[in-house]
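Take a look at the letters that make up each chain.
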Amino acid sequence: MMLSIIKHTKSPVKFWFLKNYLSPTLKDFLPHMAKEYGFEYELVQYKWPRWLHQQTEKQRTIWGYKILFLDVLFPLNVKKIIFVDADQVVRADLKELATMDLGGAPYAYTPFCDSRKEMDGFRFWKQGYWRNHLQGRAYHISALYVVDLKRFRRIAAGDRLRGQYQALSQDPNSLANLDQDLPNNMIHQVAIKTLPQEWLWCETWCDDASKKYAKTIDLCNNPMTKEAKLQAAVRILPEWIGYDEEIKALQLKLENENRQTEKEENEIFEDTENFTKHEEL
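Rules and cut-offs
Residues numbered from 1 in each chain as written. Predicted model: local features only at pLDDT ≥ 70, side-chain atom pairs only at ≥ 80, totals over all residues. Heavy atoms only, no water. Buried < 20%, exposed > 50% of the residue type's maximum accessible area, 1.4 Å probe, protein only. Helix = DSSP H or I, 4+ residues; strand = E, 2+ residues; numbered from the N terminus. Contact = heavy atoms within 4.5 Å. Phe/Tyr/Trp six-rings, centres within 6.5 Å; stacked < 30°, edge-to-face > 60°. UniProt positions renumbered as here; feature names shortened; annotations may be inferred. Axes fitted to C-alpha atoms, helices over the stretch in contact; angles between N-to-C directions. Parallel < 35°, antiparallel > 145°, perpendicular 65-115°, else oblique. Left-handed = near helix turned anticlockwise from the far one by under 90°. Nonpolar A, V, L, I, M, F, W, Y, C, P; charged D, E, K, R; others polar. Pairing = 2+ DSSP bridges.

Q: What is the right way to read helix H9 (residues 178–185) from this model?
A: Residues that lie three or four places apart on an α-helix share one face, since the helix turns once every 3.6 residues. Among the eight residues of H9, eight are classified as buried, and the element is accordingly described as predominantly covered. Check the buried side of H9 and you find it contacts helix H3 (58–68), strand E5 (107–111), helix H6 (128–134), strand E6 (140–148), helix H8 (157–168) and strand E7 (192–194).

Q: Honestly, the packing of aromatic side chains in this entry has me stumped. Any pointers?
A: For any two aromatic rings, the description comes down to two numbers: the centre-to-centre distance and the angle of the planes. Counted by the stated rule, this structure contains 22 aromatic pairs. Between Phe-112 and Trp-125, the ring centres sit 4.4 Å apart and the planes meet at 20 degrees, which makes this aromatic pair stacked. You can see Phe-112 sitting in the loop between E5 and H6 and its partner Trp-125 sitting in the loop between E5 and H6, a full 13 residues away along the chain. Just as Phe-112 is buried, Trp-125 falls in that class too. A ring pair is formed by Phe-112 and Trp-205, whose centres lie 5.6 Å apart and whose planes are at 85 degrees; its orientation type is edge-to-face.

Q: Explanation requested: the UniProt feature "domain: Glucosyltransferase 24 catalytic" (unreviewed entry) in the protein in the structure shown.
A: Here, UniProt's "domain: Glucosyltransferase 24 catalytic" (unreviewed entry) annotation points to residues 1–250. Regarding residues 1–250, the helix share stands at 37% and the strand share at 15%, and the terminal C-alpha atoms are separated by 16 Å.

Q: Is there a simple way to think about the packing of H8 against H9 in this case?
A: Where H8 contacts H9, the two axes come as close as 10 Å, and the packing angle between them is 110 degrees. Taken together, the axes of H8 and H9 lie roughly perpendicular to each other. The way H8 lies across H9 gives a crossing that is right-handed. Residue-level contacts link Leu-161, Gln-164, Tyr-165 and Leu-168 of H8 to Leu-178, Leu-182, Pro-183 and Asn-185 of H9. A class-by-class count of the residues in the contact of H8 with H9 yields six nonpolar, two polar and no charged.

Q: Looking at this structure, how should I read the sheet that holds E7?
A: Hydrogen bonding along the main chain pairs the strands of a sheet, whether they run parallel or antiparallel. Spatial strand order, E3-E6-E5-E7: four strands in an open sheet with mixed pairing. Two strands lie at the open edges of the sheet, namely strand E3 (80–84) and E7, each paired on one side alone. Geometrically, the sheet is characterised by an average inter-axis angle of 30 degrees between neighbouring strands, direction not taken into account. In this sheet, E6 lies alongside E3 in antiparallel orientation, the contact comprising five bridges. Bridging across to E6, Lys-80 finds its partner in Asp-148. Against the sheet, H3 engages E3, E5 and E6, with an angle of about 35 degrees to E6. Relative to E6, H9 is tilted by about 65 degrees, and along the sheet it contacts E5, E6 and E7.

Spelled out as structure tokens, the structure:
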């Protein structure tokens, strides 16, 4: 995901990561990758408030951080952020999203595709509660979204979202997909700008004909096939193997450099030890 953004975005790029949910391997690799590709990055964290209903599953906690604390996670001088799922590949310049007019909405999401007709039975947002609640509006997916942080803070969107979350999260049957159910549920109070469909294509919901227009491709879970994501990546994304090999080559280069450094340090230590023994004799 990171490599695809760097390859297609001509402007300087800065990545923001939730500090508590990065693997030690990725934390160690980031400085080297940043130096190699010339991007900036920063780790951010925010302690989940005691008064706010806690999640017990790690995945749901991360979903909560994606939507509940947008107003407090970033420094006040950051005007806009673009969230991109880790299992997503970008094929366009993200500056287009960063400069897009959101029409007064605090954030913008892409709607779920409805062009792959064989998946109609799985489109829960077309029936029951969601059909009545949305009243003809789109149900938006949370794999990619733009946030106008200045507008978001000005209308106290964070407080509104947290208040609604607190009310709904007590019910185990609510907020099954927390990070997207919550903003879609709040669409009448906190407006969502609908991004053009080409900003998020995923094979599960979008037909094959529309793939050529895709600006990002997300590896959505497929409830019909339950295909593993890495397997799907190789099949769906022709560029995946190239990106994967490029990252592995950089990792191998760093490993070889570390081995060489360790070898040289060991040789220096051995020479020092031998010299000390000689002096003692």
